[in-house]
Amino acid sequence: MMKRGWCGCIMVLFLFLFFACEEVIDVDLNESESRIVIDAQLSDLSHSQRIRVSKTVAFTSEISSQPVEGAQVVVIEEEGRVFEFSYSDNGNYINDDFLPISGRTYRLQVVNQGEVYQASSFMPNYIDVDSIGVVEERIFDEPFYFATFKFTDIQGQRDYYKYDLSINQSRFLFTGVYNDKFNDGLFVTHQVADSDRDLIPGDTITVRRYCVDSQVYRYWNEFQLMNPGTAAPGNPTSNISNNALGCFSVASGREYGLRVSGFRSTQM
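It should be emphasised that the depicted structure is a prediction, and the values quoted were computed from it without experimental measurement. (Residues numbered from 1 in each chain as written. Predicted model: local features only at pLDDT ≥ 70, side-chain atom pairs only at ≥ 80, totals over all residues. Heavy atoms only, no water.)

Draft legend 1. Region of the structure containing the environment of S214. In this fold, S214 is placed in helix α2 (residues 214-226). Sequence separation between S214 and Y161 is 53 residues; the distance between their C-alpha atoms is 9.6 Å. (Helix = DSSP H or I, 4+ residues; strand = E, 2+ residues; numbered from the N terminus.)

Draft legend 2. Just unusual backbone geometry, in detail. A positive phi angle is found at F140, which is not glycine, with a value near 50°. With respect to the helices and strands, the residue F140 is situated in the loop between β9 (131-139) and β10 (142-152). Phi angles above zero are rare outside glycine, and D141 is one such case at about 65°. In this fold, D141 is placed in the loop between β9 and β10. Overall, D141 belongs to the exposed group, its relative accessible area being 60%. (Buried < 20%, exposed > 50% of the residue type's maximum accessible area, 1.4 Å probe, protein only.)

Draft legend 3. Highlighting the sheet that holds strand β13 (residues 187-192). Spatially, the three strands line up as an open sheet ordered β9-β10-β13, and their pairing is antiparallel. Each having just a single partner strand, β9 and β13 make up the two edges of the open sheet. Between one strand and the next, the sheet's axes are offset by a mean angle of 35°, whatever the strand orientation. (Pairing = 2+ DSSP bridges. Axes fitted to C-alpha atoms, helices over the stretch in contact; angles between N-to-C directions.)

Draft legend 4. A look at the pattern of salt bridges. Overall, the coordinates contain nine salt bridges when judged by the stated rule. A salt bridge links D141 to R138; the nearest nitrogen and oxygen atoms lie 3.6 Å apart. D203 serves as the salt-bridge partner of R197, at 2.8 Å between the closest nitrogen and oxygen. On the basis of relative accessibility, which here comes to 33%, the residue R197 falls in the partly exposed class. Connected through salt bridges with shared partners, the residues E136, R138 and D141 form a single ionic network. (Salt bridge = Lys/Arg side-chain N within 4 Å of Asp/Glu carboxyl O.)

Draft legend 5. View of the pairing of strand β2 (residues 49-55). Among the seven residues that make up β2, five are buried, leaving the element largely enclosed by the rest of the structure. Counting the residues in the hairpin turn of strand β1 (residues 36-43) and β2 gives five residues. Judged from the four bridges that link them, β2 and strand β6 (residues 92-95) form a sheet pairing that is antiparallel. Opposite Q49, over in β6, you have N95 as the bridge partner. Pairing between β2 and strand β3 (residues 66-67): two bridges, direction antiparallel. The residue bridging S54 from the neighbouring strand is P67, located in β3.

Draft legend 6. The nonpolar core, seen in detail. Core analysis: the largest hydrophobic core is formed by 24 residues, its most contacted members being I38, I51, V73, V75, F85, L108 and F248. Counting only elements with at least two residues in this core, the list comes to β1, β2, β4 (72-77), β5 (82-87), β7 (105-112), β8 (115-122) and β15 (245-261). The greatest single-element share of this core, amounting to four residues, is contributed by β1. Discounting chain neighbours no more than four positions away, the residues touching V73 are I51, V53, F83, E84, F85, Y93, L108, Q109 and V110. Counting 22 residues, the second-largest nonpolar core is a separate cluster that includes A147, L165, L199 and Y256. (Core = buried A, V, L, I, M, F, W, Y, C linked by side-chain atoms within 4.5 Å. Contact = heavy atoms within 4.5 Å.)

Quick look at the structure:
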């Protein structure tokens, strides 16, 4: 009788805790506070630069973000020159006459409804590649293709690399970042592919290879660790102040065209 009484008490306590926990974790995602998102990926690949400013929306919203119009967007070079960005559409702010110079630090300032968002980014010198191509790797006897970059890392300095990929003239997508923590000054091979779509013979691909600073590397490294193949990305650590999301990057880069041709590679 005593054991049965204790069991009854334990069961009642368990049910109480169970329903109490259910009450605590019932969160209304629609009431999450909106946050500013700043996407500023600048480079020396073009004189035309774009910065997008938007706000987050409720999880159940039919749109992915709310464009912000009327913000003041400028980038300031360490020499003091100011580059103003003018509103275009869909939250995009454009400057068509801005080619950043490697070895310099740039500051971003966005002012929206009295709130100020700031960031800085150092633009490293570009590290040239010695050879590029497409290699075939067989995994479980199935062929997989990778764009391959071979080069000598600069000894005695921390180097960080970012890759974006376009397949058959589709839009560029981020594919990965690397650092030289374990291969400083060595001859290095980087392999690049799309995590969502396998390369196949006949594909033409364009790879944008960037040298970035440590904060930009951290952002994209966290992104790829948080979101392997997911459609709902998490929020990596931003280098932008005032609780903003997104990343400000000024990178040196080069663009490479390749064709996947089976057992050999062809540079375009």
